[in-house]
Amino acid sequence: MATKVSRIFVWIIMGMVLVGLVGFGSFNFGGSATSIGKVGDTEIDANRYFRELRAEMQAFEAQYGQNLTFAQAKMFGLDQAVLDRVIAQAAFENETGRLGLSVGDAEIARQIKEIEAFQGVDGKFDREMYDFALQQSGLTVAEFEASLRADVARTILQGAVSSGIAVPAVYTDTLFAWARETRDFTWARVDASVLDTPVGLPDDETLQAFYDENPELFTTPEIRKITYAWAAPEDMIDRIEVSDEELRALYDQRIEEFVVPERRLVERLVFGSDTEAQAAADRLAAGDASFEDLVAERDLDLSDIDLGDVTEDELGAAGPEVFALSEPGIVGPVETSLGPALIRMNAILAARETSFEEASEELKGDYAADAARRLVDDLVPTLDDDLAGGATIEDLAGNHGLRLQTIDWTPGSDEGIAAYDSFRAAAAAVTEDDYPEVIELSDGGVFALRLDEVVAPRLQPLDEVRDEAIAAWQAAETRRQVLARAEAMLDEIEGGETPASLGLTEVIETAMSRDAFIDGTPPALMRTVFEMAPDGWQVVSGDEGAFLVHLDAVNAPDQEAAEARAIKANFSQQISQQMALDLQSAFAAELENRAGITLDQGVINAVNANFP
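Residues numbered from 1 in each chain as written. Predicted model: local features only at pLDDT ≥ 70, side-chain atom pairs only at ≥ 80, totals over all residues. Heavy atoms only, no water.

Enquirer: Got a sec to walk through the sheet that holds strand β15 (residues 537-542)? Specific residues and values, please.
Expert: One key point about sheets: their strands pair by backbone hydrogen bonds, in either a parallel or an antiparallel sense. Strand order in the open sheet formed by 4 strands is β14-β3-β16-β15, and the pairing between neighbours is antiparallel. Two strands close off the open sheet at either side, each with one partner strand: β14 (506-512) and β15. Taken pair by pair, the neighbouring strands of this sheet meet at an average axis angle of 30°, ignoring direction. Two strands pair when backbone bridges link them, and strand β3 (residues 182-190) and strand β16 (residues 545-555) are joined in this way by 9 bridges, in the antiparallel orientation. Bridge pairing links V190 to A546 in β16. Helix α21 (residues 523-531) contacts β3, β14, β15 and β16 of the sheet and is inclined by roughly 130° relative to β3. (Pairing = 2+ DSSP bridges. Helix = DSSP H or I, 4+ residues; strand = E, 2+ residues; numbered from the N terminus. Axes fitted to C-alpha atoms, helices over the stretch in contact; angles between N-to-C directions. Contact = heavy atoms within 4.5 Å.)

Spelled out as structure tokens, the structure:
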């Protein structure tokens, strides 16, 4: 039976076995419990759950570059995802047991001998390495081989469930056509210039009705009145003293910024032998080939041989000859660390030296900025202690020279300290009952704030916002009249007129894709173009007017182009794999329902307690 399993499936499962078992070890999670539950008659091994959860957390840490606590893993749902997975695995194993599906000893032995981790330096199975690896994992040979046998049998059943899945060609062709179709179309903007007379002033009744229908336009946002103390690094600069000795040390530390040797932009084409390199140089000299020709003949791009800007020392033995050139050119053959090569020099970057005296002002500013940030950092523990001791925001400012300011903060505030993300987040979350705390800013500054009052949103009386209401009505009325005129133009175009004859400027677009964007037009324009048939004009409404649009042609993609075939094949493979996983998940769910699941939450909690 096992011989019918795809080698890919077998190697995947053996890889999972090795990653899951070798190096993690077996653990006792309290008492004599070794499982976290059952699916039917098959136990769900506690060590399997532990190993898979640990592997999942380590993979997450590797991807995002930060340590992950169990509380964070739980927040991301990793523990539940792993639990669901091991339950599904147990469900398949329970079913293989019910069906009597298994793998013979000869096949298991063959699989073990092919696992690289168990092979010696000669590439053959090494019994001592096998025993050592299992010993390190805390497993016996019988336990490992039983686990491998169960996993391979499970894979056989999973393969039987999902094998033979093929995505119909019509499916990929249809989706590819939808994604790659383009449109040719003509559009024209309709704005206030088409109106016979500009929109005037509304009478009192009209303005009142508009005000009543649009209260959101005249309602103030919630205002949070906040007092804060702010320690900004620039406020500390006056407290910084720097000596010439310290500046000189900083100059020496950053000497590579201020003393830059001459550099050359070069490309290096390496050959396999001196004879090949000389032959290429002779062809260049005779004009039989260009440098680009030589690169192309090696199936390379210029980007493959580009060394960027280099110093003479960085070129090694080839350095003196390249740097002897006074203008762009080619030298060689020359010896390099990779073998004989031709080197093309494309540009000379002159040496640059900035003296200590010339750099002193920049150094002084950088030193002061770094020292100021350190002063702020050193101040934080004192500020924390003061707040813990009952100090107010005003006390912090008065005792330590911080800025003491207030702000009427709204979600739209973006000036001063409100430009910082951390301040905006704190301002939005703070309540009147919160105790102030020191919070860092992205530039090294810190602040502490207090919410003094929350002013609820307020509908402003019409008399207070009359000018704004008039302007808003005029804008809305202009849009309404422009849209009405655009709709009327459709009838005139139907009668023989064209947008151009009606005084509009026609713009022709060709081969535009669905995700194309035309500056000055609303997103609805492209959506309409891809929904309409190639006949007649339509009106698309915009924030500042309207647009007339006509679909000229639908351009179907070439389904047989090499790129198209490659994309569809890759997509079909991905969809097939996803369908296979979906089928396996659905089948596992049915097996779980049929066999029944029992979980021991106490053991699960004991396993979880092993994570920090």
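There's plenty left to go through after this.
Enquirer: Provide a residue-level description of the pattern of salt bridges, including the pertinent values.
Expert: Taken as a whole and assessed by the stated rule, the structure comprises 30 salt bridges. The shortest N-O distance in the salt bridge between E222 and R224 comes to 3.3 Å. Residue R224 is classed as buried on the basis of its relative accessible area of 9%. One network of salt bridges, with partners in common, ties together R48, E93 and R154. (Salt bridge = Lys/Arg side-chain N within 4 Å of Asp/Glu carboxyl O. Buried < 20%, exposed > 50% of the residue type's maximum accessible area, 1.4 Å probe, protein only.)

Enquirer: Let's hear about the environment of D235: which residues, and what values?
Expert: Positionally, D235 belongs in helix α10 (residues 233-236). When its relative accessible area of 30% is taken as the criterion, D235 is described as partly exposed. C-alpha of D235 to C-alpha of A372: the two residues are 137 residues apart in sequence and 8.0 Å apart in space. Residues in contact with D235, not counting those within four places in the same chain, are W230 and R403.

Enquirer: Explain the pairing of strand β4 (residues 223-231) residue by residue, including any values.
Expert: Within β4, 7 of the 9 residues are buried, which leaves it mostly tucked inside the rest of the structure. Here β4 runs beside strand β13 (residues 446-455); their pairing, made up of 9 bridges, is antiparallel. When the sheet's bridge partners are listed, I223 is paired in β13 with V455. Bridging between β4 and strand β11 (residues 403-409) involves 7 bridges; their strand directions are antiparallel. Note that in β11 the partner of K225 across the bridge is D408.

Enquirer: Describe the sheet that holds β13, naming the residues involved and giving the relevant values.
Expert: Strand order in this open sheet of 4 strands is β11-β4-β13-β12, and the pairing throughout is antiparallel. In the strand order of this sheet, the two ends are held by β11 and β12 (439-440), each with one partner. Lying over the sheet, helix α18 (residues 393-400) contacts β4, β11 and β13, oriented at roughly 25° with respect to β4.

Enquirer: So what's going on with a negative patch on the surface? Residues and values would help.
Expert: On the surface, a cluster of negative charge is made up of D384, D385, E432, D433, D434, E437 and E453. By the secondary structure assignment, D384 is in helix α17 (residues 356-388). Judged by its relative accessible area of 35%, D384 is partly exposed. (Patch = residues over 30% accessible without salt bridge, like charges linked within 9 Å, V, L, I, M, F, W, Y side chains within 5 Å. Areas by Shrake-Rupley, 256 points an atom, 1.4 Å probe, with all protein chains shown as cover. Lys, Arg positive; Asp, Glu negative; His and termini not counted. Charge placed at Lys NZ, Arg CZ, Asp CG, Glu CD.)

Enquirer: Pulling in residues and values, what's your account of the packing of helix α4 (residues 78-99) against helix α7 (residues 141-162)?
Expert: When two helices pack together, their arrangement is given by the angle between their axes and by how far apart the axes lie. Remark: α4 packs on α7, axes separated minimally by 9 Å, with the N-to-C direction vectors making an angle of 90°. Taken together, the axes of α4 and α7 lie roughly perpendicular to each other. Contact with α4, carried on its side by Q89, F92, E93, E95, T96 and L99, involves A150, D151, A153, R154, L157, Q158 and V161 of α7 and no other residues of that element. Looking at the contact of α4 with α7 residue by residue, the class counts come to 6 nonpolar, 3 polar and 4 charged. (Parallel < 35°, antiparallel > 145°, perpendicular 65-115°, else oblique. Nonpolar A, V, L, I, M, F, W, Y, C, P; charged D, E, K, R; others polar.)

Enquirer: For helix α19 (residues 421-429), give the residues involved together with the corresponding values.
Expert: In an α-helix there are 3.6 residues to a turn, and that puts residues three or four apart on one side. Every buried residue of α19 is listed here: F423, A426 and A427. Taken around the axis of α19, the buried residues stretch over an arc of 100°, which confines them to a single face. Facing away from the buried side of α19, by more than 90 degrees, are the exposed residues D421 and A429. In this structure, the buried residues of α19 make contact with β4, β11, β12 and β13. (Arc of directions from axis to C-beta.)

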